[in-house]
Amino acid sequence: MSSRDQFTSKIGFILAAAGSAIGLGAIWKFPYMAGTNGGSVFILLFVLCTILIGLPILIAEFMIGRRGQKDPITSFKEQAPGKPWFMIGWIGLVACGLILSFYSVVGGWILSYIVRATTFSLTGQGNDFGALFTDIISNPMEVLFAQACFMILTLVIVQAGIKNGIESASKWMMPILFIFFILLFIRSITLEGAFEGVKFMFIPDWSYLNGETLILALGQAFFSLSIGVAAMITYASYLSRKEKIVTSAINVATLNIAISLLAGLVIFPAVFALGFSPTEGPGLVFIMIPAVFEQLPFGSFLLLVFFILLLFATVTSSIALLEVVVSIGIREKTAQRKKASSLLAAIIFIVGIPSALSFGILSDVSIFDRSIFDFVDYVTSAILMPIGALLTSIFAGYHYSKKISREEIQASPILYNVWLFIVRYLAPISIVAIFINKVFFS
Ligand code: PFF
């Protein structure tokens, strides 16, 4: 949105917020993170973090954004003059830029799969899906070209002002994607040996309960809700005062948990039934989805449709990421929007190149025992997002008088008090405790 127009309908806002939230986080990242961190315990912690910490902070971001009605930096400066709270906006800019730098790499993989799927060459001939994925992501020319195409696609949508069109198209695209997931779930769960996957997801193996799992689950909750990076503050700045922010936030959080679990229920039963490994890493979904489609009639065709829908879900998130970077980067200087967005997109693309190559020619490079791609992901999800969320929570809890926040939240007294307790005490203390635990005890 280039001007300060508001969302014309409540559903418009929920679609934009949900569209930005639901993307690769739930569908691609959640299954592989759960897979590499023992399944059940990670999933349990993720759900708890989403409900107890993420949701209240999401409400806080909606409140801050709507009160400010400006980009996050101007908004914090106006709401708290002379105080350093606007730094939350800068953290958001850096974090969203870094997220988009590797998000576009995965977006590129999706494009590569779509091109292959158009010739129906992904399924049907007893393919080795693991080898196929490795082939694609280790080819430097292909990944860079695909990443660039994805970035250009995102940029064009943001610049052409067709973002609203994309978001309203997602009104019917997302439900179809959901139906696909149900279909895949039915196929996956009825494979022989599938139940092992359900056990992996729901029967806790407490040996995985440690500081690392906790911080990763917290990061996953923040990543998939898009909080801690001023994104939801930016979106809510277009929201009119009439909307009930609590209901919108609950909708976004519920959808997020539902899609994450559903994605897990498609992937893990098939992983165990078809003899794959849950610890495949970032390739897990790309390997498993074709494997499940192969078990379906018209699998090759359906796979193509699926990847197109997945591209859609991914693009509604990537445009949010670029939108936040641009809106913070240029603030009120809307006249330079086009040039600035091209420049920022180009910088983000360049920053993403090492991540794109980290599965191929840069696979030997590691930073603190992580590949470049993993490292950038870890820095954003497990460090920047929790710091941003911590500050946002404290700001919402202490900066506003109770009278103001009560009016903004428009919830029952009990609900309001629970929210206030969480943003004042539970969320900040938990985030700090999770950090301390990770740094000193694991
Ligand atoms: N929540 C998005 C996802 O789960 O794919 C990722 C994301 C989008 C994070 C926008 C942050 C953001 F501002």
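Scroll up to find the structure.
Please read all numbers here as calculations on a predicted model, not as lab measurements.

Participant: It is not clear to me how the overall build of the chain should be interpreted in this structure. Could you clarify?
Facilitator: Helix and strand content of the chain: 18 helices and 0 strands. Relative to a compact globule of 442 residues, whose C-alpha radius of gyration would be 22 Å, the chain shows 21 Å and is just as compact. In terms of principal-axis extent, the alpha carbons of the chain reach across some 65 × 50 × 40 Å. Here the chain displays about 16,900 Å² of accessible surface, and carbon together with sulfur accounts for 69% of that area. With 27 positive and 23 negative side-chain charges, the chain shows a separation of 16 Å between the mean positions of the two kinds.

Participant: Mind showing me how you'd approach the nonpolar core here?
Facilitator: Note on soluble globular proteins: their nonpolar side chains tend to be buried together. In terms of nonpolar packing, the biggest core is built from 164 residues, with Trp109, Phe306, Phe307 and Trp419 touching the most fellow members. Here the element with the most residues in this core is helix α14 (residues 299-330); it accounts for 20 residues. Sequence-distant contacts of Trp419, that is, excluding residues within four places in its chain, are made with Pro56, Ile59, Ala60, Met63, Ala396, Ser405 and Ile409.

Participant: Looking at this structure, how should I read the site of the ligand?
Facilitator: The immediate surroundings of the ligand are formed by 15 residues, with Ala21, Gly25, Tyr103, Phe223 and Ala231 found nearest. Leu24 places a main-chain nitrogen or oxygen 3.1 Å from an oxygen atom of the ligand. Between an oxygen atom of the ligand and a main-chain N or O atom of Gly25, the distance comes to 2.8 Å. When the ligand sits alone it has 340 Å² of accessible area, and the protein chains cover 100% of it. If you list the elements that add at least two residues to the shell around the ligand, you get α1 (10-21), α2 (24-36), α5 (87-118), α10 (211-225) and α14. Taken together, the residues of the shell around the ligand break down into 9 nonpolar, 6 polar and no charged.

Participant: Is there a simple way to explain the environment of Leu391 in this structure?
Facilitator: Relative to the helices and strands, Leu391 resides in helix α16 (residues 372-399). Measuring from C-alpha to C-alpha, the distance between Leu391 and Gly38 comes to 30 Å, with 353 residues separating the pair along the chain.

Participant: Where do I start with the side chain of Lys29 in this structure?
Facilitator: In this structure, Lys29 sits in helix α2. A polar contact of 2.8 Å, which involves the side chain of Lys29, links it to the side chain of Ser381. Sequence-distant contacts of Lys29, that is, excluding residues within four places in its chain, are made with Leu24, Gln220, Phe223, Asp377 and Ser381.

Participant: Sorry, what's going on with helix α4 (residues 72-79) here?
Facilitator: Owing to its 3.6 residues per turn, the α-helix brings residues three or four apart onto one side. The element α4 is extensively covered by neighbouring structure, given that 6 of its 8 residues are classed as buried. Here α4 has its buried residues at Pro72, Ile73, Thr74, Ser75, Phe76 and Gln79. Along its buried surface, α4 packs onto α3 (40-68), α5, α11 (231-236), α14 and α16. Where α4 begins, the capping side chain belongs to Asp71, and its oxygen is found 3.0 Å from the backbone nitrogen of Ile73.

Participant: Looking at this model, I keep getting lost on unusual backbone geometry. Mind explaining?
Facilitator: Even without being a glycine, Gln69 presents a positive backbone phi close to 55°. Take Gln69: it is sitting in the loop between α3 and α4.

Participant: Please explain the packing of helix α13 (residues 284-293) against α14 as it appears in this structure.
Facilitator: Working note: a packed helix pair is described by the angle between its axes plus the distance between those axes. The contact between α13 and α14 brings their axes to 8 Å, and the two run at 140°. Classed by the angle they form, the pair α13 and α14 counts as oblique. Contacts between α13 and α14 involve Phe286, Ile289, Pro290 and Phe293 on the former and, on the latter, Gly299, Leu302, Leu303, Phe306 and Phe307. Of the residues assigned to the contact of α13 with α14, the class counts are 8 nonpolar, 1 polar and no charged.

Participant: Would you mind showing me how to read the packing of aromatic side chains here?
Facilitator: A ring pair, where both rings are aromatic, is described by two values, the distance of the centres and the angle of the planes. Counted according to the given criterion, the structure contains 29 aromatic pairs. On the basis of an interplanar angle of 65° and a centroid distance of 5.2 Å, the ring pair of Trp85 and Phe395 is categorised as edge-to-face. Separated by 310 residues along the polypeptide, Trp85 in the loop between α4 and α5 and Phe395 in helix α16 bring together distant segments of the chain. Relative to Tyr425, the ring of Phe421 has its centre 5.7 Å away and its plane inclined at 45°; by these criteria the two rings are tilted. One end of the pair, Phe421, and the other, Tyr425, are both in helix α18 (residues 413-441), 4 residues apart, so they sit about a helical turn from each other. Assessed through its relative accessible area of 45%, Phe421 is described here as partly exposed.

Participant: Would you mind showing me how to read the pattern of salt bridges here?
Facilitator: Opposite charge on two side chains permits pairing when their charged atoms draw close. Under the criterion given, the structure shown has 10 salt bridges. Between Lys199 and Glu196 there is a salt bridge; the shortest N-O distance is 3.1 Å. Of this pair, Lys199 and Glu196 are both found in helix α9 (residues 195-202), 3 residues apart, which corresponds to roughly one turn of the helix. Look at Glu196 and you get partly exposed, because its relative accessible area is 40%.

Participant: Can you walk me through helix α7 (residues 140-159) in this structure?
Facilitator: Along its 20 residues, α7 runs 28 Å from first to last C-alpha, staying within 8% of the 28 Å computed at 1.5 Å per residue. Turning to α7, its buried residues are Glu142, Val143, Ala146, Gln147, Phe150, Met151, Thr154, Leu155, Ile157 and Val158. Positive backbone phi, approximately 65°, marks Gly161, located one or two places after α7.

Participant: Whenever I open this one, the environment of Leu132 confuses me. Can you help?
Facilitator: Tracing the chain through its elements places Leu132 in helix α6 (residues 129-137). In this structure Leu132 comes out as buried when scored by relative accessible area, which is 14%. Each C-alpha atom of the pair Leu132 and Phe286 lies 9.4 Å from the other, and the pair is 154 residues apart in sequence. Excluding its chain neighbours within four sequence positions, the residues that come into contact with Leu132 are Tyr113, Arg116 and Leu122.

Conventions used here
- Residues numbered from 1 in each chain as written.
- Predicted model: local features only at pLDDT ≥ 70, side-chain atom pairs only at ≥ 80, totals over all residues.
- Heavy atoms only, no water.
- Helix = DSSP H or I, 4+ residues; strand = E, 2+ residues; numbered from the N terminus.
- Rg over C-alpha atoms; globule rule 2.2 N^0.38 Å.
- Areas by Shrake-Rupley, 256 points an atom, 1.4 Å probe, with all protein chains shown as cover.
- Lys, Arg positive; Asp, Glu negative; His and termini not counted.
- Charge placed at Lys NZ, Arg CZ, Asp CG, Glu CD.
- Core = buried A, V, L, I, M, F, W, Y, C linked by side-chain atoms within 4.5 Å.
- Buried < 20%, exposed > 50% of the residue type's maximum accessible area, 1.4 Å probe, protein only.
- Contact = heavy atoms within 4.5 Å.
- Near = heavy atom within 4 Å.
- Polar contact = N/O pair within 3.5 Å; in protein donor to acceptor, adjacent residues only side chain to side chain.
- Nonpolar A, V, L, I, M, F, W, Y, C, P; charged D, E, K, R; others polar.
- Axes fitted to C-alpha atoms, helices over the stretch in contact; angles between N-to-C directions.
- Parallel < 35°, antiparallel > 145°, perpendicular 65-115°, else oblique.
- Phe/Tyr/Trp six-rings, centres within 6.5 Å; stacked < 30°, edge-to-face > 60°.
- Salt bridge = Lys/Arg side-chain N within 4 Å of Asp/Glu carboxyl O.
- Expected span 1.5 Å × (residues − 1).

Honestly, it's all geometry; don't read function into it.
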